[in-house]
Amino acid sequence: TLSAAQYLQYEMPDEVLLTIFGYLLEQDLCRVSLVCKRFNAIANDCGLWKRLYQNVYEYDLPLFNPEHGVMNFVKVEDCDFGNPWKESFRQLYRGIHVRPNYQDRKCQGRNISYFNTVQAALDYADERNAANTQSSAQIVGSGSATSGSSVGSNLSIPPSSPSIADESVQDTPNTLIFLHAGIYRGEFLVIDSDITLIGAAQGNVAESVVLERESE
């Protein structure tokens, strides 16, 4: 007689597992993909990652950020990746979101920061970059030099658990901020660090952004 775990892993139809996995967010989906080859294949379903991607970023096409300052929308059929939605999600996952009424939403299985104002997002980015810089300095400073090697050159810190961001560029001086649809008033911004600020919405974002100045 099969146990419940054995039935779930080997006998349950793919369609049922796909429905179950559809309730998971990105970090838990990455974790469940490590269970076995079958779970890995189902957890990398393009439909699952398209739903997650459009829930977070809202775009109709995968958006890629191959290097700082470069953002490219690519049609799925023109992508070289097996799962363009997941790869786009991974590349953008370090981003900070300005999305009114989302700041208090905390979801298990998701590590994304939401803010109601652009200024709050900028303040958070400055604090995070400062903390990353301090952490990197402490890590290098605690290393020990050996003959023929530099301090900290072979240092690696494995993640405590698998996540969509494990392979992303985390320690970057360039901050990626997604500005979602809304009306933002009364903010006087002074930006003194490298940031990429991009609109996030459905449809053709480039034609949907309206900037209005009510005074000098």
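Presented here is an overview of the structure given in this document. (Residues numbered from 1 in each chain as written. Predicted model: local features only at pLDDT ≥ 70, side-chain atom pairs only at ≥ 80, totals over all residues. Heavy atoms only, no water.)

### Observations concerning the pattern of salt bridges
Opposite charge on two side chains permits pairing when their charged atoms draw close.
Here comes step 1: Applying the stated criterion across every chain, the model contains 5 salt bridges.
Here comes step 2: Of the charged contacts, one joins D14 and R38 as a salt bridge, the two residues approaching to 2.8 Å between their closest N and O atoms. With a gap of 24 residues between them, D14 in helix α2 (residues 14–21) and R38 in helix α4 (residues 37–43) connect regions that are remote in the sequence.
Here comes step 3: By relative accessible area, R38 is classed as partly exposed at 22%.
Here comes step 4: Linking E87 and R90 is a salt bridge whose minimum nitrogen-to-oxygen distance equals 2.7 Å. (Salt bridge = Lys/Arg side-chain N within 4 Å of Asp/Glu carboxyl O. Helix = DSSP H or I, 4+ residues; strand = E, 2+ residues; numbered from the N terminus. Buried < 20%, exposed > 50% of the residue type's maximum accessible area, 1.4 Å probe, protein only.)

### A closer look at helix α6 (residues 84–92)
Here comes step 1: Where burial is concerned, most of α6 is hidden: 8 out of the 9 residues are buried.
Here comes step 2: Among all positions in α6, only P84, W85, E87, S88, F89, R90, Q91 and L92 are buried.
Here comes step 3: The inward-facing, buried residues of α6 contact α3 (26–32), α5 (46–56), β1 (63–67), β2 (70–73) and β5 (175–180). (Contact = heavy atoms within 4.5 Å.)

### Concerning the sheet that holds strand β3 (residues 96–98)
Here comes step 1: One open sheet accounts for 4 strands, arranged β4-β3-β5-β6; its pairing is parallel. With partners counted over all chains shown, the strands left at the sheet margins are β4 (114–115) and β6 (195–200), one partner each.
Here comes step 2: Of the strand pairs in this sheet, β5 and β6 are connected by 6 bridges, and their pairing is parallel. Directly across from I177, in β6, lies its bridge partner L197. (Pairing = 2+ DSSP bridges.)

### With respect to the packing of aromatic side chains
Here comes step 1: Going through the model one piece at a time under the given rule, you end up with 11 aromatic pairs.
Here comes step 2: When the centroid spacing of 5.6 Å and the interplanar angle of 75° are considered together, the rings of W49 and F89 count as edge-to-face. Taken together, the residues W49 in helix α5 and F89 in helix α6 connect sequence positions 40 residues apart. Each member of the pair, W49 as well as F89, carries the same accessibility label: buried.
Here comes step 3: Measuring from centroid to centroid gives 5.3 Å for Y102 and Y114, while their planes differ by 45°, and the two rings are tilted. Of the two residues, Y102 sits in the loop between β3 and β4 while Y114 sits in strand β4, which places them 12 residues apart along the sequence.
Here comes step 4: For Y102, a relative accessible area of 21% gives the class partly exposed. (Phe/Tyr/Trp six-rings, centres within 6.5 Å; stacked < 30°, edge-to-face > 60°.)

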